[in-house]
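Letter by letter, the chains look like this.
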Amino acid sequence: TRCNSVTGVQTCALPISAPNAFNVWLRLPEGAGRADLMGRLTGRHIGIMPSDAFTVLGRPDEHVRVCLGGSISRDELRRGLLLMTDSLQPNAWVG
């Protein structure tokens, strides 16, 4: 399944999802911000949405929803997930 694509990519974020879901939630590591991650991945082949879009009450937490479906291939998905993983590393953002 596409969820296995996430399992095979070593991230410092923790995935939360049902086994056959088309989306996975990632809790971002300490110091990582959803707005920064969104900026880093703009225009890339990875569909992410910050938790803000799904928060009804209270403040959103540092999670992003990652889309595993869509018209991209598994190789493109894997490359996007690896880029996201690299973007979450400390001092990864160079501007």
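Owing to the predicted nature of the structure, the values given are computational and were not obtained by experimental measurement. (Residues numbered from 1 in each chain as written. Predicted model: local features only at pLDDT ≥ 70, side-chain atom pairs only at ≥ 80, totals over all residues. Heavy atoms only, no water.)

**Some points on the pattern of salt bridges**
Enumeration according to the criterion identifies two salt bridges in this entry. Residue D52 is joined to R34 by a salt bridge in which the shortest nitrogen-to-oxygen separation is 2.5 Å. Highlighted residues: D52 in the loop between β3 (47-50) and β4 (63-67) and R34 in helix α2 (residues 34-40), separated in sequence by 18 residues. Overall, the relative accessible area of 38% leaves D52 in the partly exposed class. Note on R34: relative accessible area 14%, which makes it buried. Taken together, the salt bridges that share partners define one network made up of R34, D52 and E62. (Salt bridge = Lys/Arg side-chain N within 4 Å of Asp/Glu carboxyl O. Helix = DSSP H or I, 4+ residues; strand = E, 2+ residues; numbered from the N terminus. Buried < 20%, exposed > 50% of the residue type's maximum accessible area, 1.4 Å probe, protein only.)

**With respect to the packing of aromatic side chains**
Ring pairs (aromatic) are described by centroid distance and by the angle formed between their planes. Inspection of every chain in the model, using the stated rule, returns one aromatic pair. A centroid spacing of 5.2 Å and a plane angle of 80° characterise the contact between W25 and F54, whose relative ring orientation is edge-to-face. Placement of the pair is W25 in strand β2 (residues 23-27) and F54 in the loop between β3 and β4, with a sequence separation of 29 residues. Judged by relative accessible area, F54 falls into the partly exposed class, the value being 36%. (Phe/Tyr/Trp six-rings, centres within 6.5 Å; stacked < 30°, edge-to-face > 60°.)

**Thoughts on the environment of L28**
You can see L28 is positioned in the loop between β2 and α2. Residue classification places L28 among the buried positions, given a relative accessible area of 7%. Between the C-alpha atoms of L28 and E62, which are 34 residues apart in sequence, the distance is 5.6 Å.

**Looking at the confidence of the model for the protein**
Predicted confidence across the protein gives a mean pLDDT of 77, with 76% of residues reaching 70 or more. Here helix α1 (residues 3-7) is the element of the protein with the lowest mean pLDDT, 52, and β3 is the one with the highest, 88. (pLDDT = per-residue confidence, 0-100.)

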